[in-house]
Amino acid sequence: SRFDLGCILPDKHPSRRSGLRELAQKIIGVDINKSKKLAMSNWGKRRLSIEQISYAARDAWVSAAILERLQEGNSGVFNAGAIMEMEFIKTQREMEFVDERAKLRKAAKLELKEIRKLHRTDQPLEFMKNQRTVDYMNEMARSRKAATHELKEVLELNRADQPPIFDEGVVRLTLL
């Protein structure tokens, strides 16, 4: 099962997730360098570079240290048994399903981006003097609108599962 630490810090915006850098700094007082270039490198290679291995090992260590710190002040909430009893853990989907939904969302977002890009290039044309051209442009606009609606439905149906929300009363932690 998966436990997303990003939902631990209470926030005014429930959908906001904290990154590992922010969590490490606020919970265990450790500043970590998160290289975007390294994070976005090819993690699907058969042999990872020493930098990738170090990056992954450090992230795993920091995550474990954060969870240990959370357990110290909140053993009833963050011990292994309590986590396994949380509803979001019990209802987690298989990774293949989560991955497939993520791919569908990504494809839909790319298509929406293309539609919006095409729409921005549509400008009133000087040659739109005949009715056939006007009808064609109107049909294109209707078609774009229908496609946009369909893609937004795909995004909604394949929305990522939301992690649990921990309010300030549940997480007793002296932030550093």
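All values derive from a computational prediction rather than experimental measurement.

Colleague: Can you walk me through the packing of aromatic side chains in this structure?
Modeller: For any pair of aromatic rings, geometry is given as the distance between the ring centres together with the angle between the planes. Tallied over the entire structure, the rule returns one aromatic pair. Each ring, one from Trp43 and one from Tyr55, has its centre 5.9 Å from the other, and the planes form 50°; the classification is tilted. Residue Trp43 is found in the loop between helix H2 (36-39) and helix H3 (50-73), and its partner Tyr55 is found in helix H3; the two are separated by 12 residues along the sequence. Overall, the relative accessible area of 31% leaves Trp43 in the partly exposed class. Residue Tyr55 is classed as buried on the basis of its relative accessible area, which comes to 10%. Directly above the aromatic system of Tyr55 lies the positively charged group of Arg58, at a separation of 5.1 Å from the ring centroid.

Colleague: Could you clarify how one ought to interpret the confidence of the model for the protein in this entry?
Modeller: Do not read the fine detail of predicted coordinates wherever pLDDT is low. The share of residues in the protein with pLDDT of 70 or more is 79%, and the mean pLDDT across the chain is 80. The least confident element of the protein, judged by mean pLDDT, is helix H6 (residues 87-90) at 75; the most confident is H2 at 92.

Colleague: Teacher, can you tell me more about helix H1 (residues 20-28) here?
Modeller: Those residues of H1 lying buried are Leu20, Leu23, Ala24, Ile27 and Ile28. Along H1, the residues classed as buried sweep out an arc of 100° about the axis, all on the same side. Lining the buried residues of H1 we find H3. Following H1 by one or two positions, Gly29 adopts a phi angle in the positive range, close to 70°.

Colleague: Help me understand the pattern of salt bridges, please; the structure alone is not making it clear to me.
Modeller: Two side chains with opposite charge may pair up if their charged atoms get near one another. One pass over the full model with this rule turns up seven salt bridges. Across the pair Asp59 and Arg58 runs a salt bridge, and its minimum N-O distance is 3.2 Å. With a shortest N-O distance of 3.4 Å, Glu114 and Lys117 are connected by a salt bridge. Taken as a pair, Glu114 and Lys117 lie in helix H7 (residues 95-121) at a separation of three residues, close to a single helical turn.

Colleague: Sorry if this is basic, but what is going on with the side chain of Thr148 here?
Modeller: Take Thr148: it is sitting in helix H8 (residues 131-157). Residue classification places Thr148 among the buried residues on the basis of a relative accessible area of 17%. Polar side-chain contacts of Thr148 include one of 2.9 Å to the backbone oxygen of Arg144. Look past the residues within four positions of Thr148 in its chain and what remains in contact with it is Leu112 and Ile115.

Colleague: Would you mind going over the nonpolar core with me for this structure?
Modeller: Side chains of a nonpolar character, in soluble globular proteins, are inclined to be buried together. Core analysis: the largest hydrophobic core is formed by 19 residues, its most contacted members being Ile27, Ile28, Val62, Ile66 and Leu70. At the level of elements, H1, H3, helix H4 (75-78) and H6 are the ones that each hand at least two residues to this core. Take this core: its biggest share by element is five residues, from H1. With five residues, the next largest nonpolar core counts Ala108, Leu112, Ile115 and Leu151 among its residues.

Cut-offs applied
- Position numbers for residues start from 1 in each chain and track the written sequence from start to end.
- Given that the model is predicted, a residue must reach a pLDDT of at least 70 before its local features are reported, and side-chain atom pairs must reach 80 or more before they are shown or counted; all residues, however, enter totals for whole chains, interfaces and linings.
- Just so you know, side-chain values use all the structure's heavy atoms and leave hydrogens and water out.
- Working definition: rings of Phe, Tyr and Trp (its six-membered ring) pair if their centres are within 6.5 Å, and the pair is stacked with planes under 30 degrees apart, edge-to-face with planes over 60 apart, and tilted otherwise.
- The helix count covers DSSP runs of H or I at least four residues long, the strand count covers runs of E at least two residues long, and both are numbered beginning at the N terminus.
- The classification of residues rests on relative accessible area computed with a 1.4 Å probe and restricted to protein chains. Under 20% of the type maximum is buried, over 50% is exposed, and intermediate values are partly exposed.
- Remark: a charge is flagged as sitting over a ring if the NZ atom of Lys or the CZ atom of Arg is within 6 Å of the ring centre and within 35 degrees of the ring normal.
- Known as pLDDT, the predictor's per-residue confidence is scaled from 0 to 100.
- Directions are taken from the helix axis to each C-beta atom, and the arc is the one they span.
- Should any heavy atoms of two residues lie within 4.5 Å, those residues are counted as being in contact.
- Whenever Lys or Arg places a side-chain nitrogen within 4 Å of a carboxyl oxygen from Asp or Glu, that contact is recorded as a salt bridge.
- A 3.5 Å cut-off defines polar contacts: any pair of N or O atoms within that distance qualifies, except that in protein one atom must be a possible hydrogen donor and the other a possible acceptor, and neighbouring residues in sequence count only when both atoms are side-chain atoms.
- Only buried residues count toward a nonpolar core. Its members are Ala, Val, Leu, Ile, Met, Phe, Trp, Tyr and Cys residues joined through side-chain atoms within 4.5 Å.

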